[in-house]
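An overview of the molecular structure
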Amino acid sequence: MTDDPLLRIDGLHVAFGERSRWHDAVRGVDLRIHRGEVVGLVGESGSGKSLTALAVMGLLPRGAKVSSGRVVFDGIDLTAPGKVERLRGARIGMIFQDPLSALNPAIPVGRQITDSLRTHQRLGAADARDRAEALFDLVGIARPRERLRAYAHELSGGMRQRVMTALAVANDPELLIADEPTTALDVTVQAQVMAMLDRVRRELGIAILFISHNLELVAEVCDRVSVMYAGRVVEEAAVETLFGRPRHPYTRQLLRCTPRLDGETGPMPTIPGLPPRLGAVPPGCPFAPRCDAAFDRCTAETPGIWREGPHMAVCWEALR
Amino acid sequence: MTQPLLELCDIQKTYALRRGLIERFTRKVADVAAVDGVSLAIPPGEIFGLVGESGCGKSTLAQIMVGLLAPSDGMVRYRGQDIAMLTGVHRRIYRRGVQMVFQDTHSSLNPRKRIRRTLMEALVARGLTRAEAADALPPLLAQVGLDTVLLQRLPHELSGGQRQRVGIARALAIGPDVLVADEPVSSLDVSLQGQIVNLLRDLNRELGLTIILISHDLAVVSRICHRIGVMSAGRIVEEGPPAEVLFAPRHPYTRTLIAAVPRGLESRRAQSVAIAEVCIAGPM
């Protein structure tokens, strides 16, 4: 692993709005992903984790824009116009929560893969078909030759996610962005998709940015984890550290309310309240109103940064 | 044992498989059993958890329980009476008594109606006058932990958790004694799942509401249910109190479900690939 990260996000701000009224939904995210590394990005809905990923891929929805910050992929500034389009689908692959809307309903899935292979790698028809079969095999689709002829609607949710992944890794990308790839799936299918992603990573040595709201799931595949809250990374650490010694109260509370099969009964632990609304982020630490460890300084001053080697937390309580 | 409040007797639901034109003429059209002989007795005051994967028939069963679908064979009894035989006032009592909470709050709440109107309609349907209904609104909202400010809002202005609370309030407004909740938390964040699950638990304890909680997530269900039924391919393959189902599962499918719950660092060591091998192959 070289010192130069494959992907470097510096002070990324993403704003929503129109004309003069803009609100930052992502408020200064720093993130690094090295080659072959799997990094988890965790947070509740509205924490800005998906927007961060979409900003990297240049796929922000209408009404959103990168207002400041830089996204650098292997030395290329992706925020510069026209840069990201060349990398997307080639050096950066992506899979989403809803594969049905990401796959073309009118074209057999195999054709979508061979088209991509013929466009990006200039393969001939026969070579592309062989490669598509090999890809289906890699993502664990049985009877690949038959399945290549299927349409997206004929496949189950788990199968569609496998097809999406085959498509995403078809051109040997260096980075795969997986945005809640299993959230719409059953737990059993989720386990299969997670095993499939793990296999893809081991066999292709690909770096993955894995986005999810489920910490237990993130811990299964990631080397490092960044926890986001209200548009910022509030804690970052190696996965064992984050689970063993979380420093941010948000991470601790999030860990506590992740459902587990431990035989516990009675009320489930929860985080009281809701994340702040867009444009209504309270002063001081945005998590302070919901925090079980907050004290007066938390609501008054923007929290400082606590560090211990690669472990980072943005929290006054950690600094005490 | 007390008389069950809701009882399913050997419920079957089959659908004709639609084939191409030629197959339809040449071959007998095959049937698919979505529910294949389910019998269940839910005593009053119980939280019964129904667990299984998509396509196992649990949502079909839910729709049969609330009377949205008629079973192809078998009988649903509410307070001891076959619901297919109910007429007039008895039918209305059943309709009112068994209410449903849906998974997708985007499609189950009318996007153009303010929350007040959605809830008022339910209260009026229960038989209240408009004035009585208006008085009933604040305590109804308090029961599900919502602020009255939200009454003026449209569904899209609420968060997912708030919308699900509105869905529960609407069901409660009718005055049910059975709540059938079909995947009420699976589209919510983990931090919010607990809030909704705890709300259901409180309603059970405070109002004695009988709840059928349907989910694919054993971890959520095992937390608050008195009894769990594991469903696979249209049948209930295992049934019992959570502790027994979780720690002494008898059916291999239950073991598969248990193995599939994410265990973070623990399963990282155990290697997740093993799970994929034992998983039952889906329908493609």
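Each chain carries its own residue numbering, running from 1 in the direction its sequence is written. Chains carry letters from A onward and ligands carry numbers from 1 onward, assigned in written order. pLDDT decides what is reported in this predicted model: residues at 70 or higher carry local features, side-chain atom pairs at 80 or more are listed and counted, and totals for whole chains, interfaces and linings draw on all residues regardless. The side-chain numbers reported here are obtained from all heavy atoms of the structure, hydrogens and water having been left aside.

Topic: the sheet that holds strand β3 (residues 47-51) of chain B
Residues and elements named next belong to chain B.
- Read from one edge of the open sheet, 6 strands run β6-β7-β8-β3-β9-β10, paired in mixed fashion. Only two strands of the sheet have a single neighbouring strand rather than two, namely β6 (98-101) and β10 (235-240). On average, adjacent strands in this sheet sit at an angle of 20° to one another, irrespective of strand direction.
- Two strands are counted as paired when DSSP detects at least two bridges linking them. By definition, any uninterrupted DSSP run of H or I lasting at least four residues is a helix, any uninterrupted run of E lasting at least two residues is a strand, and each is numbered from the N terminus. Both strand β9 (residues 227-232) and β10 contribute to a ladder of 5 bridges, which runs antiparallel. Considered in β10, the bridge of Met 231 is made with Ile 236.
- Residue contacts are defined here by distance: any two heavy atoms, one from each residue, within 4.5 Å place the two residues in contact. Lines are fitted to the C-alpha atoms to define the axes, a helix being fitted only along its stretch in contact, and any angle between axes, read from their N-to-C directions, falls within 0 to 180 degrees. In the packing of helix α7 (residues 160-173) onto the sheet, contacts are made with β6 and β7 (178-182), and the angle to β6 comes to roughly 170°.
- Packed on one face of the sheet, helix α8 (residues 190-207) meets β3, β7 and β8 (210-215) and runs near 160° to β8.

A look at the UniProt feature "domain: ABC transporter" (unreviewed entry) in chain A
- UniProt positions are given in the numbering used here, feature names are shortened, and annotations may be inferred rather than shown by experiment. Here the UniProt-annotated "domain: ABC transporter" (unreviewed entry) positions come out as residues 7-255 of chain A.
- Helix makes up 40% of residues 7-255 of chain A and strand makes up 28%, while its end C-alpha atoms are separated by 27 Å.

Topic: the pairing of β6(B)
All names here are of chain B.
- Burial along β6 is two-sided: Val 98 and Met 100 facing one way and Gln 99 and Val 101 facing the other are all buried.
- Looking at chain direction, β6 and β7 are connected through 4 bridges and run parallel. Residue Val 98 lies in a different strand from β7, and its bridge partner there is Val 178. Only protein chains enter the area calculation, which uses a 1.4 Å probe; residues under 20% of their type maximum are buried, those over 50% are exposed, and those in between are partly exposed.

Considering the sheet that holds strand β2 (residues 31-42) of chain B
Residue and element names in this part refer to chain B.
- One open sheet holds the 4 strands; their spatial order is β2-β1-β4-β5, and the pairing between them is antiparallel. Unpaired on one side and paired on the other, β2 and β5 (81-82) mark the two borders of the sheet.
- Note that strand β1 (residues 6-16) and β2 share 9 bridges and pair antiparallel. Bridge pairing in β2 places Ala 16 opposite Asp 31.
- Those strands touched by helix α2 (residues 58-65) are β1, β2 and β4 (73-78), and its axis lies near 120° from that of β1.

Some remarks on the interface of chain B and chain A
- At the interface, 46 residues of chain B touch 50 residues of chain A.
- Both faces combined, the contact of chain B with chain A buries some 4100 Å², and carbon together with sulfur accounts for 57% of it.
- Under the rule applied, a polar contact is a pair of N or O atoms within 3.5 Å (in protein, one hydrogen donor and one hydrogen acceptor; residues adjacent in sequence only if both atoms are side-chain atoms). Where chain B packs against chain A, one counts 8 residue pairs in polar contact (both at pLDDT 80 or more).
- Contributions of two or more residues to the side of chain B that touches chain A are made by α8, α9 (218-224), α10 (242-247), α11 (252-260), α12 (265-270) and α13 (273-278) of chain B.
- Residue composition of the side of chain B that touches chain A, by class: 22 nonpolar, 15 polar and 9 charged. Joining two parts hides part of their accessible area as seen by a 1.4 Å probe, and the buried area is that hidden amount summed over both. For this classification, the nonpolar set comprises Ala, Val, Leu, Ile, Met, Phe, Trp, Tyr, Cys and Pro, the charged set comprises Asp, Glu, Lys and Arg, and every other residue, Gly included, is treated as polar.

Observations regarding the side chain of Glu180(A)
All names here are of chain A.
- Positionally, Glu 180 belongs in the loop between β7 (175-179) and α8 (187-204).
- Glu 180 gets classed as buried once you look at its relative accessible area, which sits at 8%.
- In terms of polar contacts, Glu 180 uses its side chain to reach the side chain of His 213, at 3.3 Å.
- With near-sequence residues (within four places) excluded, Glu 180 lies in contact with Lys 49, Phe 96, Gln 97, Ile 211, Ser 212 and His 213.

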